[in-house]
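Observations on the model geometry
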Amino acid sequence: MNVLVLNAGSSTLKFQLVRTDAEAMASDSDERIARGMIERIGGEAVFTIRKADGQSSRGTAPLRDQRAAIDFLLRWLVDPASETGVTRVAEIEGVGHRVAHGGEAFRRSVLIDDAVLQGIEDVIDLAPLHNPHNLRGIHATRAALGAGVPQVAVFDTAFHTSLPEHAYLYALPYQLYRRYRVRRYGFHGTSYRYISHRYRGLTGRTREATNIIALHLGNGCSACAIKGGISIDTSMGFTPLEGLVMGTRSGDIDPAIIDFIGGKEGLSPPEVENMLNKQSGLLGVSGLTNDMRELLAEADEHDDRRAWLAIELFAYRARKYIGSYLAAMDGTDAICFAGGIGENAAPVRAMICEELRWMGIELDPRLNDAMVGGREGRISTDGSRVEVWVVPTDEELLIARDTVRVVQGLESRY
Ligand code: ADP
């Protein structure tokens, strides 16, 4: 089945075309045909498209909205010169959409119908920066492909709907939860489903015997305690702002700071929130960049104090979360790293694990240094009581597979 995976943002459209079916999923032989991104939709948009053979094309096109972007993408996909193997739009048999927020209602991926559209609309309040764009992407796709092509919604929050009450409730007046559903939702759920599935594949464990602490460390960063194969706690909360130190987000802070900074700097609460989202984290502390690779280079080459400080804060917070999840889940079999930083930044992994020797974690420096650039494997020593793994994540692949499963009514093994 040819599945188009879409992630529609405010002025961006990320896509991937995947050819997969039950057999390909079982043997990990799904075909990634093309992937890419259209940016600056609304004006002279910039597109970057890369095919499986590594060939890429880049250019600009005037695209006024998501509908125009999808039409552009479909024209490219079926153009014989693109050599995607798809020659007619009708050969796209399903579309999988990444949807940021499914609230409490959506516990798994679903076929999109009017009730689902309404459900996504109902939680716009909870994800005002994402759900409206995801919805626009779904409507534009339906307009372009017709109602006959099945579309599936895959929610970033769904995996965390298993959180117990004591983990998802804030210690706020309970009526705030009852009235407005103020609670912790968690994000990166699609990534965690993929990581725990791969971990099972690598270690031969059953879902019930999967007890891991997973860290998705990309531009956004979070941790997840997976016990018995399900999420029992995660570090992002009501929004993705809570938890670990991220590229530009602060993660955990004392909420009293918001009013204090607002008063001192003459900023409104939304302006302070914007600062916490966009000017904090690695960028805020280092004063240099939100990019971990650049920070590591800066720390290394110029011994920049604030670059070091930002990296240390980042690693320390991640280590604290590992410690708290060990307590929450009564021990773990493994720690799994994923995301751009988790998959590539060996020195950061080493810093995070350094002071976890008390719990029997021992990294193999050689394996740690080698496990970069998309390589998958164990980086702890044979004698390490808790294993440490690098498990490159692949959210798009999971969305494509979910789309096939939902459309064909297959059971999910994730
Ligand atoms: P997103 O969350 O936007 O998908 P990624 O998962 O690609 O982002 O992660 C981006 C982060 O990964 C950046 O901080 C980037 O510097 C970091 N990163 C990517 N490659 C490396 C590398 N080789 N060494 C260190 N950090 C890296």
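In what follows, the structure referred to is the one given above.
Because the structure is a prediction, the values reported are computed rather than measured. Along every chain, residues carry numbers that run from 1 in the direction the sequence is written. At least 70 in pLDDT is required for a residue's local features to be given in this predicted model, at least 80 for side-chain atom pairs to be given and counted, and no such filter applies to totals for whole chains, interfaces and linings, which use all residues. Hydrogens and water are ignored here; the side-chain numbers use all heavy atoms of the structure.

Secondary structure summary: the protein contains 16 helices and 14 strands in total. Compactness check: the protein gives a C-alpha radius of gyration of 21 Å against a globular reference of 22 Å for 414 residues, within 12% of the reference. Projected onto its principal axes, the C-alpha positions of the protein cover 60 × 55 × 45 Å. Within the protein, the fraction of its 414 residues that count as buried is 52%. A contact between two residues is defined here by any heavy atoms of the two lying within 4.5 Å. At a minimum sequence separation of 6, the contacts of the protein that also span at least 24 residues come to 62%. Residue-level accessible areas treat just the shown protein chains as cover; the underlying method is Shrake-Rupley with a 1.4 Å probe. Approximately 18900 Å² of the protein is accessible, and the part contributed by carbon and sulfur atoms is 49%. Here a strand is any run of E in DSSP of at least two residues, a helix any run of H or I of at least four, and the numbering for each starts at the N terminus. With C-alpha atoms as the basis for the radius of gyration, the globule rule is written as 2.2 Å multiplied by the number of residues raised to the power 0.38. Relative accessibility decides the category of a residue: with a 1.4 Å probe and only protein chains considered, values under 20% of the type maximum give buried, values over 50% give exposed, and everything between is partly exposed.

Take the site of the ligand next. We call a residue near a molecule or strand as soon as one heavy atom of that residue lies within 4 Å of the molecule or strand. By nearness alone, 13 residues border the ligand, and Asn219, Asp291, Met292, Arg293 and Gly340 come closest of all. At a separation of 2.9 Å, an oxygen atom of the ligand approaches a polar side-chain atom of Asn219. Two N or O atoms count as a polar contact when they lie within 3.5 Å, although within protein this holds only if one can serve as hydrogen donor and the other as acceptor, and sequence-adjacent residues are included solely when both atoms are side-chain atoms. Here Met292 contributes a backbone N or O atom positioned 3.0 Å from an oxygen atom of the ligand. Computed on the free molecule, the ligand has an accessible area of 580 Å², of which 69% lies beneath the protein chains in the complex. If you list the elements that add at least two residues to the shell around the ligand, you get α11 (292-302) and α13 (339-344).

Looking now at the nonpolar core. Membership of the largest hydrophobic core comes to 45 residues, with the highest contact counts inside it found for Leu215, Leu217, Met292, Phe314, Ile335 and Val348. Counting residues per element, the ones that place at least two in this core are β9 (212-217), β10 (221-227), α11, α12 (305-329), β12 (334-338), α14 (346-354) and β14 (387-390). Leu4, Ala8, Ile33 and Ile38 belong to the second largest nonpolar core, which has 30 residues in total. Buried residues of nine kinds, namely Ala, Val, Leu, Ile, Met, Phe, Trp, Tyr and Cys, make up a nonpolar core once their side-chain atoms join them within 4.5 Å.

It is worth spelling out the sheet that holds strand β11 (residues 230-234) at this point. What links the strands of a sheet is backbone hydrogen bonding, and the strands pair in either a parallel or an antiparallel sense. If you trace the 6 strands from one edge of the open sheet to the other, you get β11-β10-β9-β12-β14-β13, paired in mixed fashion. Two strands bound the open sheet, and with one partner strand each, they are β11 and β13 (377-378). Two elements, β9 and β10, share 6 bridges in a ladder whose sense is antiparallel. Counted as the bridge partner of Ala214 is Cys224 from β10. Packing against the sheet, α14 makes contact with β9, β12 and β14, and its axis sits at approximately 150° to β12. Pairs of strands are assigned from DSSP output, requiring at least two bridges between the strands. Lines are fitted to the C-alpha atoms to define the axes, a helix being fitted only along its stretch in contact, and any angle between axes, read from their N-to-C directions, falls within 0 to 180 degrees.

Moving on, we get to the pairing of strand β2 (residues 13-19). Buried residues dominate β2, accounting for 5 of its 7 residues. Two elements, strand β1 (residues 2-8) and β2, share 7 bridges in a ladder whose sense is antiparallel. When the sheet's bridge partners are listed, Leu4 is paired in β2 with Leu17. Counted along the chain from β1 to the antiparallel partner β2, the turn is 4 residues long. As paired strands, β2 and strand β3 (residues 31-39) are joined by 7 bridges and run antiparallel to one another. Bridging from a neighbouring strand, Arg19 pairs with Glu31 of β3.

Salt bridges are defined by distance alone: a side-chain nitrogen of Lys or Arg within 4 Å of a carboxyl oxygen of Asp or Glu. Applying the stated criterion across every chain, the model contains 22 salt bridges. Across the pair Arg181 and Glu104 runs a salt bridge whose closest N-O atoms are separated by 2.9 Å. Of this pair, Arg181 sits in the loop between α6 (174-180) and α7 (189-203) while Glu104 is found in the loop between β6 (94-99) and β7 (110-111), placing the two residues 77 residues apart along the sequence. For Arg198, the salt bridge goes to Glu376, with nearest N and O atoms at 2.8 Å. Residue Arg198 is located in helix α7, and its partner Glu376 is located in the loop between α15 (365-370) and β13; the two are separated by 178 residues in the primary sequence. Note on Arg198: relative accessible area 16%, which makes it buried. Taken together, the shared-partner salt bridges connect Asp28, Asp30, Arg198, Glu376 and Arg401 into one network.

Here we take up the environment of Gly281. Relative to the assigned elements, Gly281 resides in helix α10 (residues 281-286). Put simply, Gly281 and Met246 are 35 residues apart on the chain and 5.0 Å apart in space, counted from C-alpha to C-alpha. Once residues within four sequence positions are removed from consideration, Gly281 is found in contact with Val245, Met246, Gly247, Thr248, Arg249 and Ser250.

Now for the environment of Gly148. Summarising the element assignment, Gly148 is placed in the loop between α4 (131-145) and β8 (151-155). For the pair Gly148 and Ala90, spaced 58 residues apart in sequence, the C-alpha to C-alpha distance is 9.9 Å.

This part is about the packing of α11 against α12. For any two helices packed against each other, the geometry is given by the interaxial angle and the distance between the axes. At their nearest, the axes of α11 and α12 sit 8 Å apart, and the two run at 125° to each other. Put simply, α11 runs oblique to α12. The crossing of α11 and α12 is left-handed. Two secondary-structure elements touch here, α11 through Met292, Leu295, Leu296, Glu298 and Ala299 and α12 through Ala307, Trp308, Ala310, Ile311 and Phe314. Any residue that is not Ala, Val, Leu, Ile, Met, Phe, Trp, Tyr, Cys, Pro, Asp, Glu, Lys or Arg is counted as polar, Gly included; the first ten are nonpolar and the last four charged. When the residues that make up the contact of α11 with α12 are grouped by side-chain class, the tally is 9 nonpolar, no polar and 1 charged. These descriptions rest on fixed angle ranges, namely under 35 degrees for roughly parallel, over 145 for roughly antiparallel, 65 to 115 for roughly perpendicular, and the rest for oblique. Crossings are classed by handedness, with left-handed meaning an anticlockwise turn of the near helix from the far one by less than a right angle and right-handed meaning a clockwise turn.

Turning our eyes to something else, we now look at the packing of α12 against α14. For the pair α12 and α14, interaxial distance at closest approach is 8 Å and the crossing angle is 50°. On the basis of the axis angle, α12 is oblique to α14. Crossing of α12 over α14 shows right-handed handedness. Between α12 and α14, the contacting residues are Ile311, Glu312, Phe314, Ala315, Ala318, Arg319 and Ile322 on the first element and Val348, Met351 and Ile352 on the second.

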